[in-house]
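# Residue-level structure breakdown
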Amino acid sequence: VGHSEGAVLSTWASFCFASFLHGFAASGFGLKLHGSAVEQAFCDSLPEQGYSCKAGQDDGVLVPGGYGMCEGCEYTPVRPWKLAQNIAGDEMKICLISGDRDYFRPSMMAMAQVLQSENLAYDFVSYQGMHEMPNNFGSLVGSCLMTPLLQPSERHNWRTQ
């Protein structure tokens, strides 16, 4: 579980060490897309104002220090892939949690897009707020991680809290 920079670490650790975990929750940061990872459909999904997304170049999400902008960087912190089984031998439970006005929300949308393209189940929980953990963050994480894994027809669940 992590928020903002903590989400970067939890995302990396979860995809690299899936067999040691049941699932993970990330809030406040998802994926930074760069280079060939940036598709026109993703750019078209962003709000018109505030993002300079260019397909094949950059997603327009500005991260301090130029994080994810290196030559050869495409998916930062890590490209999600069909996970190995989790510690219980099941599919990994993935929870994406984002404020509706978070300036890094497009990075959460990028994560959702890549998870969907990999046919990985996830829940996307949206709360009213900016780039900050909501007061009920623990209960959002708990309720999301404790929800049974979705059936294939319901794999990409978006809900508002």
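Our subject in this report is the structure included herewith. The structure displayed is predicted, hence computed values, not measured ones.

### Digging into the overall build of the protein
Scanning the protein from terminus to terminus reveals four helices and seven strands. For the protein, the N- to C-terminal ordering of α and β elements is β-α-β-β-α-β-β-α-β-α-β. Taken across its 161 residues, the protein has 47% of its residues classed as buried. Summarising the internal contacts of the protein: among those between residues at least 6 apart in sequence, 73% fall at separations of at least 24. Carbon and sulfur atoms form 54% of the exposed surface of the protein, whose accessible area is close to 8,100 Å².

### A word on the pattern of salt bridges
Under the criterion given, the structure shown has five salt bridges. The residue Asp123 makes a salt bridge to Lys93 at a minimum N-O spacing of 3.1 Å. Remark: Lys93 occurs in strand β5 (residues 93-99) and Asp123 occurs in strand β6 (residues 122-127); sequence separation between them is 30 residues. For the pair Asp123 and Lys93, a shared accessibility class is recorded, and that class is buried. Residue Asp100 pairs with Arg101 through a salt bridge whose shortest N-O separation is 3.2 Å. The exposure class of Asp100 is partly exposed, given its relative accessible area of 34%. Salt bridges linked by common partners bring Lys32, Asp58 and Asp59 together as one network.

Cut-offs applied
- Residues numbered from 1 in each chain as written.
- Predicted model: local features only at pLDDT ≥ 70, side-chain atom pairs only at ≥ 80, totals over all residues.
- Heavy atoms only, no water.
- Helix = DSSP H or I, 4+ residues; strand = E, 2+ residues; numbered from the N terminus.
- Buried < 20%, exposed > 50% of the residue type's maximum accessible area, 1.4 Å probe, protein only.
- Contact = heavy atoms within 4.5 Å.
- Areas by Shrake-Rupley, 256 points an atom, 1.4 Å probe, with all protein chains shown as cover.
- Salt bridge = Lys/Arg side-chain N within 4 Å of Asp/Glu carboxyl O.

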